[in-house]
Amino acid sequence: PLVGTGRWSVISGGGTIADTSLINSAISGLSVGNNVFRFTVRNGVCQVRTDDIIVTRFAPPSLANAGPNQTICTAQTALLAEVPAVGTGVWSLVSGNGQFSDSTAFNSTVSGLTSGDHVFRWTVTNGPCAASTDEVLITRNAAPAVADAGSDQQICTDASALGAVVPLVGTGSWSLVSGSGTIADTLLPNSAVSGLGFGDNVFAWTVRSGVCPPSVDQITIRRDTPPSASNAGANQQICADSSVLAATSPLIGTGTWSLISGAGTIANPASPGSSVNGLGVGNNVFQWEVRNGVCPAATSTVTILVDAPASVANAG
């Protein structure tokens, strides 16, 4: 003051004035919020002059906590920051990509995520105080390629080779679903497999990529049992143009008659005891073929010798 002397006093809030008579006195111990100080100027008995100043102290913001890192398989997820007790938080993109549904919401949804890593920052501020930040990593795994286990197989041996398609995204592995069989290398798309049981043996080719749901395809390898040995029956010698075949019915597989040489009409080729007529004079050879699936057939033959009737006797 040009006239009079001034002195500081605390009106509200808190604070210690180092020197109440010093116009630019230091103050300490300020309370959080508004602290009101009054500067009073006096000169003798004249009217006192006053003016107030407000010193607002902000509390330091809460320690930022952006929440746990996430590994996902979708294009969007919900962020999981901790709500600050002091200050306000806001999200920002550090690297990668993604759009916030509400950048000021601690649990904002972020969408448009592509495969790979995305870093988001949660910043907590309160007035002029230094901000507190924390970052969270969102990793999106690419969905696995559609699994293709290859074509089903029908074989007659106890070993074969699998034939899956190599996935463009993810890694594949083989497993036995039903039946039996030993996979030489479960990670090899065309792995050898041995010890196959008779009947259906089912194998699964599973393609996995991170936390994404796996893609699965199955292949069936059917191993046929070799057919029973063929037994066409005993050879015959007759004097007629018809007879009855007498093959042994197979325990495994199905049998079929066919004419190899000579002449003759088989009434029922699938019947072991089929009748045959129209036989020619001389040797008539028939084959009994037993088949089961893709296994080599078992065959045997029977010969029916038809003698020509003797000439009419003429004693002269």
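Residues numbered from 1 in each chain as written. Predicted model: local features only at pLDDT ≥ 70, side-chain atom pairs only at ≥ 80, totals over all residues. Heavy atoms only, no water.

Asks: Lay out the sheet that holds strand 16 (residues 182-183) with the relevant residues and their values.
Replies: Two modes of strand pairing occur in sheets, parallel and antiparallel, and in both the strands are linked by backbone hydrogen bonds. One open sheet holds the 3 strands; their spatial order is 14-17-16, and the pairing between them is antiparallel. Whereas interior strands pair on both sides, the edge strands pair on one side only; in this sheet they are strand 14 (160-161) and strand 16. In this structure, strand 14 lies alongside strand 17 (residues 192-194), joined through 2 bridges in antiparallel fashion. Within strand 17, the residue paired with A161 across the bridge is A192. (Pairing = 2+ DSSP bridges. Helix = DSSP H or I, 4+ residues; strand = E, 2+ residues; numbered from the N terminus.)

Asks: Describe the pairing of strand 19 (residues 215-223), and please don't skip the residues or the numbers.
Replies: Bridge count between strand 13 (residues 153-155) and strand 19: 3 bridges; the pairing is parallel. The residue bridging I155 from the neighbouring strand is R223, located in strand 19. Adjacent in sequence and paired antiparallel, strand 18 (residues 199-208) and strand 19 are bridged by 6 residues, among which G210 carries a positive phi angle near 55 degrees.

Asks: Requested: an account of the pairing of strand 26 (residues 298-306), with residues and values cited.
Replies: Of the two faces of strand 26, the one lined by A298, S300, V302, I304 and V306 is fully buried and the one lined by T299, T301, T303 and L305 carries no buried residue. Both strand 20 (residues 236-238) and strand 26 contribute to a ladder of 3 bridges, which runs parallel. Looking across to strand 26, one finds that I238 is bridged to V306. Pairing geometry for strand 25 (residues 282-291) and strand 26, over 9 bridges, is antiparallel. Paired with V285 across the bridge in strand 26 is T303. Between strand 25 and strand 26, which pair antiparallel and follow one another directly, the connecting turn spans 6 residues, one of which, G293, has a positive phi of 60 degrees. (Buried < 20%, exposed > 50% of the residue type's maximum accessible area, 1.4 Å probe, protein only.)

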